[in-house]
Amino acid sequence: MAHIVDQAAASEIRNTRVALGICLLAIAPQIFEFIWSIGTLVGWGSARSPTVLVTSHAAALLVGAPAALAGAFAGGTRPTISQDTLLALIYSYPLLAVAVLTTFMTIRSAQDYIGGIVLMALALFALWASNDLQGMNGFSFGAGTAPRMFGGLLVALAAGIALSGLLHDGPALAHYSWRGPLFVMTSILIFALAIRPLGLLISGLTSFLVAALGTHETRWRETIIVGVVLTLGCALLFPYVLGLPMPIVPRWLAQ
Amino acid sequence: MDLFANLAHGFVVAFSPINLLMCLIGALVGTLVGVLPGIGTIATVAMLLPITFGLPPVGALIMLAGIYYGAQYGGSTTSILVNIPGEATSVVTALDGFQMAKQGRAGPALAIAAIGSFIAGCIATVLIAILGAPLTKLALAFGPAEYFSLMVLGLIFAVVLAKGSILKAIAMIVFGLLLSMVGSDIETGASRMAFNIPELADGLGFATVAMGVFGFAEIIRNLDAGSEMDRDLVQQKITGLMPTKADLAASAPAIARGTLLGSILGILPGGGAVIASFAAYTLEKKIAKDPSRFGRGAIEGVAAPESANNAAAQTSFIPLLTLGIPPNAVMALMVGAMTIHGIVPGPQVMQKQPDLVWGMIASMWIGNLMLIIINLPLVGIWVRLLRVPYRLMFPSIVIFCAIGIYSVNNAPVDVILAGVFGLVGYWLIKHEFEPAPLLLGIVLGPLMEENLRRALLISRNDWTVFVSRPLSAVLLAIAAALLVLAVLPALRSKRDEVFTDSEN
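Model, not experiment: these values are computed from the prediction. (Residues numbered from 1 in each chain as written. Chains lettered and ligands numbered in written order. Predicted model: local features only at pLDDT ≥ 70, side-chain atom pairs only at ≥ 80, totals over all residues.)

## Quick notes on the overall build of chain A
Regarding its fold elements, chain A presents 9 helices and 0 strands. Ordering the α and β elements of chain A from the N terminus gives α-α-α-α-α-α-α-α-α. Taking all 255 residues of chain A together, 33% fall into the buried category. For chain A, contacts bridging at least 24 residues in sequence account for 65% of all contacts bridging at least 6. (Helix = DSSP H or I, 4+ residues; strand = E, 2+ residues; numbered from the N terminus. Buried ≥ 20, exposed ≤ 12 C-beta atoms within 10 Å, placed from the backbone. Contact = placed C-beta atoms within 7 Å.)

## Observations concerning the overall build of chain B
In terms of helices and strands, chain B carries 22 helices and 2 strands. A compact globule built from 504 residues should have a C-alpha radius of gyration of about 23 Å, and chain B, at 22 Å, falls within 12% of that. Over its C-alpha atoms, taken along the principal directions, chain B stretches across nearly 70 × 55 × 50 Å. Burial statistics for chain B: of 504 residues in total, 62% are counted as buried. Taking the contacts inside chain B whose residues are at least 6 apart along the sequence as the reference set, 80% of them involve residues at least 24 apart. (Rg over C-alpha atoms; globule rule 2.2 N^0.38 Å.)

## Overview of the interface of chain A and chain B
The interface is formed by 58 residues belonging to chain A together with 51 residues belonging to chain B. Residue assignment for the side of chain A that touches chain B shows that the elements contributing at least two residues are α5 (110-129), α6 (145-167), α7 (179-212) and α8 (220-241) of chain A. The element contributing the most residues to the side of chain A that touches chain B is α7(A), with 17 residues. Across the side of chain A that touches chain B, the residue classes break down as 37 nonpolar, 18 polar and 3 charged. (Nonpolar A, V, L, I, M, F, W, Y, C, P; charged D, E, K, R; others polar.)

## A word on the packing of α8(A) against helix α17 (residues 390-409) of chain B
Following both chains from N to C, one finds α8(A) and α17(B) inclined at 25°, their axes separated by 10 Å at the closest point. Here α17(B) runs roughly parallel to α8(A), going by the angle between their axes. Here α8(A) runs over α17(B); the crossing is right-handed. Seen from α8(A), the contacting residues are Glu222(A), Thr223(A), Val226(A), Leu230(A), Cys234(A) and Phe238(A); seen from α17(B), they are Leu392(B), Ser396(B), Ile399(B), Ile403(B) and Ser407(B). Of the residues that constitute the contact of α8(A) with α17(B), the class distribution is 7 nonpolar, 3 polar and 1 charged. (Axes fitted to C-alpha atoms, helices over the stretch in contact; angles between N-to-C directions. Parallel < 35°, antiparallel > 145°, perpendicular 65-115°, else oblique. Left-handed = near helix turned anticlockwise from the far one by under 90°.)

## So, the nonpolar core
Among the nonpolar cores identified, the biggest contains 240 residues, and Leu154(A), Leu61(B), Leu64(B), Ala210(B) and Leu333(B) are the most heavily contacted of them. Among the elements that make up this core, the one with the highest residue count is helix α6 (residues 106-140) of chain B (17 residues). When near neighbours in sequence (up to four residues on either side) are disregarded, Leu333(B) contacts Ile42(B), Val45(B), Ala46(B), Leu49(B), Ala207(B) and Ala210(B). (Core = buried A, V, L, I, M, F, W, Y, C linked by C-beta atoms within 7 Å.)

## Focus: helix α18 (residues 412-430) of chain B
If you check α18(B), its first and last C-alpha atoms are 28 Å apart, about what 19 residues at 1.5 Å a residue would give, namely 27 Å. Of the residues flanking the end of α18(B), it is Glu432(B), one or two places downstream, whose phi is positive at about 55°. (Expected span 1.5 Å × (residues − 1).)

## As for the environment of Ile267(B)
Residues and elements named next belong to chain B. Assignment of secondary structure puts isoleucine 267 in helix α10 (residues 245-267). In this structure isoleucine 267 comes out as buried when scored by C-beta crowding, with 22 C-beta atoms within 10 Å. Put simply, isoleucine 267 and alanine 311 are 44 residues apart on the chain and 9.7 Å apart in space, counted from C-alpha to C-alpha. In contact with isoleucine 267, other than residues within four places in its own chain, are Thr315, Ile318 and Pro319.

## Considerations on the packing of α6(B) against α10(B)
Residues and elements named next belong to chain B. Across the interface, α6 lies against α10 with an axial gap of 9 Å and an inter-helix angle of 40°. With respect to their mutual orientation, α6 and α10 come out oblique. For α6 against α10, the interelement crossing comes out right-handed. Counting all contacts with α6, which are made through Pro108, Ile112, Gly116, Ile119, Ala120, Ile123, Ala124 and Leu127, the residues of α10 involved are Asp247, Ser251, Ile255, Gly258, Thr259, Gly262 and Ser263. For the contact of α6 with α10, a count of residues per class yields 8 nonpolar, 6 polar and 1 charged.

## Brief notes about the environment of Leu204(B)
Residue and element names in this part refer to chain B. Of note, leucine 204 is situated in the loop between β2 (191-192) and α9 (206-224). Separated by 22 residues in sequence, leucine 204 and valine 182 place their C-alpha atoms 6.6 Å apart. Setting aside anything within four residues of it in sequence, one finds leucine 204 in contact with Leu179, Val182, Val209 and Leu417.

## As for unusual backbone geometry
Residue and element names in this part refer to chain B. One non-glycine residue with positive phi stands out, namely glutamate 432, at about 55°. For glutamate 432, the location among the structural elements is in the loop between α18 and α19 (435-458). Overall, the presence of 17 C-beta atoms within 10 Å leaves glutamate 432 in the partly exposed class.

## Remarks on the confidence of the model for chain B
Residue and element names in this part refer to chain B. In this model, chain B carries a mean pLDDT of 80, and residues with pLDDT of at least 70 account for 90%. No element of chain B has a lower mean pLDDT than helix α22 (residues 489-503), at 57, and none a higher one than α18, at 91. Below a pLDDT of 50 lies the segment residues 227-235, which in the model reaches 16 contacts outside its immediate sequence neighbourhood of four places, other chains included. Reported confidence for the predicted complex is 0.87 by ipTM and 0.82 by pTM. (pLDDT = per-residue confidence, 0-100.)

## Some details on the environment of Thr52(B)
Residues and elements named next belong to chain B. Looking at the element boundaries, threonine 52 is found in the loop between α3 (41-48) and α4 (57-82). With 21 C-beta atoms counted inside 10 Å, the residue threonine 52 sits in the buried group. Along the backbone, threonine 52 and glycine 258 are 206 residues apart, and their C-alpha atoms lie at a distance of 33 Å. Setting aside residues no more than four positions away along its own chain, threonine 52 makes contact with Ala60, Met63, Leu64, Ala337 and Ile340.

## Quick look at helix α4 (residues 83-102) of chain A
Residue and element names in this part refer to chain A. For α4, built from 20 residues, the straight-helix expectation of 28 Å at 1.5 Å per residue is met to within 8% by its first-to-last C-alpha distance of 28 Å. Its maximal kink placed at serine 92, α4 deviates by approximately 40°, while the proline proline 94 follows within four residues. Along α4, the positions that sit buried rather than exposed are Asp84, Thr85, Leu87, Ala88, Leu89, Tyr91, Ser92, Leu95, Val98, Ala99 and Thr102. (Bend = angle between axes of the 7 residues up to and from the residue.)

Next comes the structure, spelled out in structure tokens:
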């Protein structure tokens, strides 16, 4: 008996964690925009400033969206709804609802359930992103018709996948490792940011070495030798043999 | 005979020194990536796309085609010798091929794989030449409604043939269709889901997504699988290359069946070389008098899948050249290569660019001949390459991929996007979503939307146009029947069986 109770308790703890994860997913675009907006403080980009952003999103989530919902039910004249409120309505609210539902469910295959929910989030986000596009225009499709059609279809399919994770036993969440993804992605990022200003030689070698950190098996002597040879080879192959325009050395050296 | 005149013309084009060289380079590079695990055909073709900027169009396409079928050869070599399938298409070859190698019969296994591939390649080449012209005529009867229905059929095929859950495969396709809509709308020019990011205004580059999902994601996945992959190398010298008479007698019918099955699956949209090899292996096992021999070094288990994957790799050019519809991801990249050179794939290519079409068809035959000649002596070199440890190989692949993507548009943002799609691909793998249908969705998305809109505009928003036009109705009926069949329990278990073969 105690064993069963234990198990139930364990699954409950996991369920709240899943639900919390979905809540986080529900406000992920807002958080992302906030992080993005921090750049405006140092003068990058033209996003809204962080304080404005936080207040407008909070207002949309807490006031605007409920008001809009109430307005829709009351059937009154429709006031123009801001994009922030729409994001809350189309994206955040459905996902928060899913999160609440999750706490009552027994998840039998976390792999399918979470996979379905994340896919649903992507589809809802696409629906929001295409809401300002023109719909059907007489006989002809507007720019927004097809995205909305497929977005809606994907929401339904993703819900089906999530549902199958509740109904059928299946694999639990797979194990993610951090080392490989972290270093390979950092290496890609370094290459992308450095290729223009620093040229192929420096960016290529740096990102080769960073990528090599992705496994603990790396032996540094051979890695450095291979990295240098490979970068030199690429610096000859791509710009000279293949004739692709590409900066080789840093900009200040080339001038 | 038109056919022979055309083929003769093709051979004249293909035998020009530059094209012969391109063919050789393509076949060699293809074999190389086929041998190396962790780098696939899709990533390679995407990587080499920018290289073809400076080449004449015929040469460029000959080279890219060579990579595709060359990879089918290379994959088999390592499957047989070291039990590491370099390509997904040769996974099943490893089952019996490696067993043969263990029994000291690596030579005959390699020879049969090469001979089977060559025969299949020859037959597929002739098939392309024969089917090309009539299918082009058929394509002229295609209106937007038919095109749309054909693509629906292709996507359904991809779903039925994909591994794992059907619901997930359909979701992946729709996700791909949705991703394909990022960027400017074709008709109104409105910016869709681009968030005012200028680099997204043109849409997500197909090569970028392909490289992320198939290149970077694969690397990350290999890394966390514990890269201490012990490579069980067969070190002994390969003696006695030639198969015995009994081997030949046993494999001849298997080669014939594999070629037939592969050719059919290659033509069908959504099919391709991977599924062809699985299907051929399963068929051989089903009709064998003693199925228990399979998995213990049955030569048919090498001959059939190797013939099938090569045949499929080549016949998948048919829908591309005649209808302008890429049936799989590699062909979609070929579309990219053609567009770079100002060629719009479709029925008119055959008439307007006879040099290109027939030259490429003829080059396939030449390429197959080259492969059989160069491959058997080079086996030793390929095996030695495999001893390059993965810890050195993966950073090199990362750099090559990054440079490759960057040089497509000279855009650093493309590299970052590919990285993001690498993470997406990693997540997809972890949740058992198949990336192949996703890619097909992205490929066919713009074409599908365009034809859907056009068809509905012509019919004044009357959706019955898809069932009232006979050709379109037939295509949709086949698609519906396939989907129903796939969901039926009887076929489902069979479908699962095909895929579990590869996992044991």
